[in-house]
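# Breakdown of the fold
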Amino acid sequence: MKRRRFVQALAAAPAVPVLLAQQVAPPATTQQPAVNPQMVPGGTRGGFGSMEDLQKLDVVSPDDAASMVQRFCTVDQFAALQKLSDTMMPPMKGMPGALEAKAPEFLDFLLGHSLADRQQIYKLGLDALNAQSRKSFSKTFAKLDASQITELLTPPLKRPWTYDPPADPLERFLRAFKADVRTATTNSKEYSVAAAANGAGAGGGGRRGGGLGLYWNSLD
Amino acid sequence: MATQEYDVLIVGSGASGGMAAYTLTKRGLKCLMLDAGPNVDFAKQRVLKPAHELPYRGFGKPGKLPHVLQANEFNANQWVDEKQVPYTYDPKKPYNWVRVRMLGGKSLFWARMSFRLSDYEFKAKDHDGFGENWPINHAELSPFYDKAEGLFRVTGRKEGLAQLPDGNFIPDESTDSGAMKRFSAAAKTMGIPTTKIRRALGKGPFASSFNLLLPDALATGNLTIVPNAVAREVTLDKATGKVTGVSFIEKGSNREMHAKAKAVVVGASCLESTRLLLNSKIANSSGVMGHYLCDQFYMNSSVVAIIPEARDGKGPRGFTGGGGYIPRFRNLKKNEKHNFLRGYALDFSTGGTPDPKLFGSWGEDLEKEMASCRGAAFSCTSMGEALPRFENHVSIDKNVVDAYGIPVLNIQCKYTENEYTMAKDAVDTIGEACEKAGFQVMNKNPKFYNPGYSIHEVGTCRMGDNPKTSVLNRWNQSHDIKNLFVVDGSSFVTSGSQNPTMTILSLSMRASEYLADEAKKGNL
């Protein structure tokens, strides 16, 4: 090959394999595999065999093997969060409810990473929920029966929705939570699997039903 | 390739920059276009994913885009990162600045609502004495609206309304649903006109400069596009008083580059254009650059009602569905007595389902109520003209720079009583029309989002005949520097209640034709 053409060929080849060839040219002395499979896009390069022939390894997500560690809520707050989740999003029409969708655990995680204003809405709201329960029924919210829950939740939630958040911390929290628990449930893996099996559920298919959306990769 | 001097350097590739490139290259001018974002391969950029595979189940990374309420976890990377390119504001007056940086700009994602401004906007001061008139009228812009509407394939129904001039439409001959007819008839008894939505059909997935303008401009052989070029300064030759080109930062390497041109067209979006010019310290002998920032206040679901006949899925086939547009109807006559100036417009739809937040119930009861109302809702979005006020302004914040070392914008903008009063009138009036139509009003919301939310920000480099009170002349040309043009929404004098894109496209085309004429005559 004439030198000129060789240089052209080098310039045309993708940069990564060229660099790799230089790296692996001397005998491998490290314990690392000489080739990182992810760095060689498809097909054979430099005599390492076809990547398509490699056996796919079965793996699972962390949720299939472990539980989320509770980080944000206190024990009392989390118990109220679970009870309220089950109240607002129980299993319906063969679809998983908030508890099966691990919505309380997810929201606890989300809150831990949230800005102070959202954290505050939940903290004050959950504490108000327990305080109100103790005052009216002498027990925490998690211990209330269905009719007591209805008695407690009806007044704040019956007020008409307003754009400006309500001044009352309990009402403000309940309104935020009503939307959040719905999203956390319908966007869960459990809900998505059930939706595929059932055809549809509350919220139907699509994004809100835990379905597919077009995800934008980073522009950088 | 050797460095060359171009005839025209265009900053920005969205509706305004794209239209400048389209017009100028067809006139034979050699153009260089810089855009701050990448040339996106849309087939590869977006991948299908289930919501549960996203780290935050669709809630989005907390704090990532606090001012972009339109963002969700799927499309978060589509918007400009507020940490990379921040802006500052008074915490008591938050502003939602929504930005896109990629070839095609925001024209890739707009709602395609395509309306003309009328002489109620162009000559607004003549009607109510507030602010200034535009230096042009509808008749002067009309030939350019015609061409822009043709290029973007705007569909609509001709109505002969003075406040919403008809355009060069692909006729919308679809029949109205029963519920639509009922609403329109009720509105008519109150003197409120309704029409079809006027919408750009575009071509394929987009109605964007990306697919409708830039390919033709490139085909002339006269356009060179450099993506990932973040404009920092329009350079001026003090001896001649003319601009000489643009300094820019290459995204990624942060190399500083300079490109030369005989004329510069700025179309980087309203506030980015003004930021670039303020940072360049040029073209502001009037002192009004950055001032008169305005837009439309915006609220979706400002009135939600239930169409009783459509409850429980009982509506006859074709009874619900479809939507329409209510053009401005307030303050069109001299003797009208309202406690606000100007007016508002709404678009409405029938056949949706109300948001769960509007029901007082939860759990099984909520599901039952939602099922009963499925497909039975009327809903409308209100958009009202925010008055152009000197005190609503932007300036350079010298203490903060973006990821490219460029000083950022400080935005001072707030709505006033005129907008709040107008929004209340909008929901009360449309609520009344709903009741007249036999719909049950479920919620009326007279509030609206922060300024900026509508992504219809205009003004800050306004046009005018008087160089002491305006930045640009009637041709979008700087009063101070004759080879500098600003062709985007920053040139607006008022916002009107109409979506601005068709006006931006038409102004840019008109300015570019003028620029080409002047270049030919050797006047630049």
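Analysis parameters
- Residues numbered from 1 in each chain as written.
- Chains lettered and ligands numbered in written order.
- Predicted model: local features only at pLDDT ≥ 70, side-chain atom pairs only at ≥ 80, totals over all residues.
- Helix = DSSP H or I, 4+ residues; strand = E, 2+ residues; numbered from the N terminus.
- Rg over C-alpha atoms; globule rule 2.2 N^0.38 Å.
- Buried ≥ 20, exposed ≤ 12 C-beta atoms within 10 Å, placed from the backbone.
- Contact = placed C-beta atoms within 7 Å.
- Pairing = 2+ DSSP bridges.
- Axes fitted to C-alpha atoms, helices over the stretch in contact; angles between N-to-C directions.
- Left-handed = near helix turned anticlockwise from the far one by under 90°.
- Nonpolar A, V, L, I, M, F, W, Y, C, P; charged D, E, K, R; others polar.
- Core = buried A, V, L, I, M, F, W, Y, C linked by C-beta atoms within 7 Å.
- pLDDT = per-residue confidence, 0-100.
- Parallel < 35°, antiparallel > 145°, perpendicular 65-115°, else oblique.
- Expected span 1.5 Å × (residues − 1).
- Arc of directions from axis to C-beta.

## Here we look at the overall build of chain B
- Broken down by element type, chain B carries 12 helices and 19 strands.
- Taking 24 Å as the expected radius of gyration for a compact globule of 524 residues, we find that chain B reaches 23 Å, a close match to that expectation.
- Across its three principal axes, chain B shows a C-alpha extent of roughly 75 × 60 × 45 Å.
- Across the 524 residues that make up chain B, the buried fraction comes to 52%.
- In chain B, once contacts between residues fewer than 6 apart in sequence are set aside, the share between residues at least 24 apart is 72%.

## Observations concerning the overall build of chain A
- The helix and strand inventory of chain A stands at 8 helices and 1 strand.
- Along its sequence from the N terminus, chain A presents helices and strands in the succession α-α-α-α-α-α-α-α-β.
- Evaluated residue by residue, chain A yields a buried proportion of 29% over its 220 residues.
- The contacts in chain A between residues at least 6 apart in sequence include a share of 52% that link residues at least 24 apart.

## Some thoughts on the sheet that holds strand β12 (residues 296-306) of chain B
All names here are of chain B.
- With antiparallel pairing, 5 strands are arranged side by side in an open sheet as β13-β14-β15-β12-β18. With partners counted over all chains shown, the strands left at the sheet margins are β13 (323-326) and β18 (440-444), one partner each. Put simply, the sheet's adjacent strands are angled 20° from each other on average, direction ignored.
- Sheet analysis places β12 next to strand β15 (residues 377-385), joined by 8 bridges and oriented antiparallel. Bridging from a neighbouring strand, I306 pairs with A377 of β15.

## Let's talk about the packing of helix α5 (residues 116-137) of chain A against helix α7 (residues 169-186) of chain A
All names here are of chain A.
- Between α5 and α7, the shortest axis-to-axis distance is 8 Å and the interhelical angle comes to 115°. Judged by the sense of rotation from one axis to the other, the crossing of α5 with α7 is left-handed. Contacts between α5 and α7 involve I121, Y122, L124, G125, L126, A128, L129 and Q132 from the former and P169, L170, R172, F173, L174 and A176 from the latter.
- Of the residues contributing to the contact of α5 with α7, the split by class is 11 nonpolar, 2 polar and 1 charged.

## Things to note about unusual backbone geometry
Residues and elements named next belong to chain B.
- One non-glycine residue with positive phi stands out, namely R342, at about 65°.
- What makes R342 buried here is the crowd of 26 C-beta atoms within 10 Å.
- For I455, which is not glycine, the phi torsion reads 60° and is therefore positive.
- Residue position: I455 is located in the loop between β18 and β19 (484-486).
- Judged by the 24 C-beta atoms lying within 10 Å of it, I455 is buried.

## Re the sheet that holds strand β7 (residues 199-200) of chain B
Residue and element names in this part refer to chain B.
- Strand order in the open sheet made by the 3 strands is β6-β5-β7, with mixed pairing throughout. For this open sheet the edge positions go to β6 (170-171) and β7, each flanked by a neighbour on one side alone.
- Sheet topology note: the strand β5 (residues 154-156)/β7 ladder contains 2 bridges and is antiparallel. Counterpart to T155 in the pairing with β7 is R199.

## Notes on the interface of chain B and chain A
- Facing 33 residues of chain B, the contacting portion of chain A comprises 38 residues.
- At 5 residues, the largest contribution of residues to the side of chain B that touches chain A is made by strand β3 (residues 46-50) of chain B.
- As paired strands, strand β1 (residues 212-216) of chain A and β3(B) are joined by 5 bridges and run antiparallel to one another. Note on β3(B): the bridge partner recorded for A:G213 is B:K49.

## Topic: the nonpolar core
- Residues B:V8, B:L9, B:A21, B:C31, B:L34, B:A231 and B:V264 are the most contacted members of the largest nonpolar core, which totals 147 residues.
- Looking at this core, the element that brings in the most residues is helix α12 (residues 501-521) of chain B, giving 8 residues.
- The residues contacting B:L34, other than those within four sequence positions of it, are B:L9, B:V11, B:V226, B:A229, B:A231, B:V246, B:F248 and B:A259.
- Within the second largest apolar cluster, 38 residues are counted, among which are A:L81, A:M89, A:I121 and A:L129.

## With respect to the environment of A:P62
All names here are of chain A.
- Along the chain, P62 falls in the loop between α2 (15-24) and α3 (75-88).
- Classification of P62 by C-beta neighbours within 10 Å gives exposed; the count is 8.
- Along the primary structure P62 and D180 are separated by 118 residues, whereas in three dimensions their C-alpha atoms are 23 Å apart.

## Some details on the confidence of the model for chain A
All names here are of chain A.
- Of the residues in chain A, 73% reach a pLDDT of 70 or more, and the chain-wide mean stands at 81.
- Throughout residues 1-44 the model reports pLDDT below 50, and contacts reaching past four residues in sequence, or to other chains, amount to 24 contacts.
- When the criterion is pLDDT under 50, residues 201-208 qualifies, and its contacts beyond four places in sequence or with other chains add up to 23 contacts.

## Concerning the environment of B:A186
Residues and elements named next belong to chain B.
- Within the fold, A186 resides in helix α6 (residues 178-189).
- With 19 C-beta atoms counted inside 10 Å, the residue A186 sits in the partly exposed group.
- Sequence separation between A186 and P215 is 29 residues; the distance between their C-alpha atoms is 46 Å.

## Brief notes about the packing of α3(A) against helix α4 (residues 103-112) of chain A
Residues and elements named next belong to chain A.
- Where α3 contacts α4, the axes come no closer than 9 Å and their chain directions differ by 130°. For the element pair α3 / α4, the angle class is oblique. As for how α3 packs across α4, the hand of that crossing is right-handed. Touching F78, L81, Q82 and S85 of α3 are A103, P104, L107 and D108, all from α4.
- Looking at the contact of α3 with α4, its residues break down into 5 nonpolar, 2 polar and 1 charged.

## Comments concerning the environment of A:V181
Residues and elements named next belong to chain A.
- Within the secondary structure layout, V181 lies in helix α7.
- The exposure class of V181 is buried, given the 25 C-beta atoms found within 10 Å.
- Sequence separation of V181 and P104 is 77 residues, and the distance between their C-alpha atoms is 7.8 Å.

## Some remarks on α6(B)
Residue and element names in this part refer to chain B.
- Under the 1.5 Å per step criterion, the end-to-end length of α6 is 17 Å for 12 residues, consistent within 8% with the ideal 16 Å.
- Every buried residue belonging to α6 is among A179, M180, R182, F183 and A187, and all of these are buried. The buried residues of α6 occupy an angular sector of 160° when projected down its axis, which confines them to one face.
- Where α6 is buried, its residues meet β13, β14 (344-352), β15 and α11 (417-436).
- Two residues or fewer past α6, G191 is found with a positive phi of approximately 80°.

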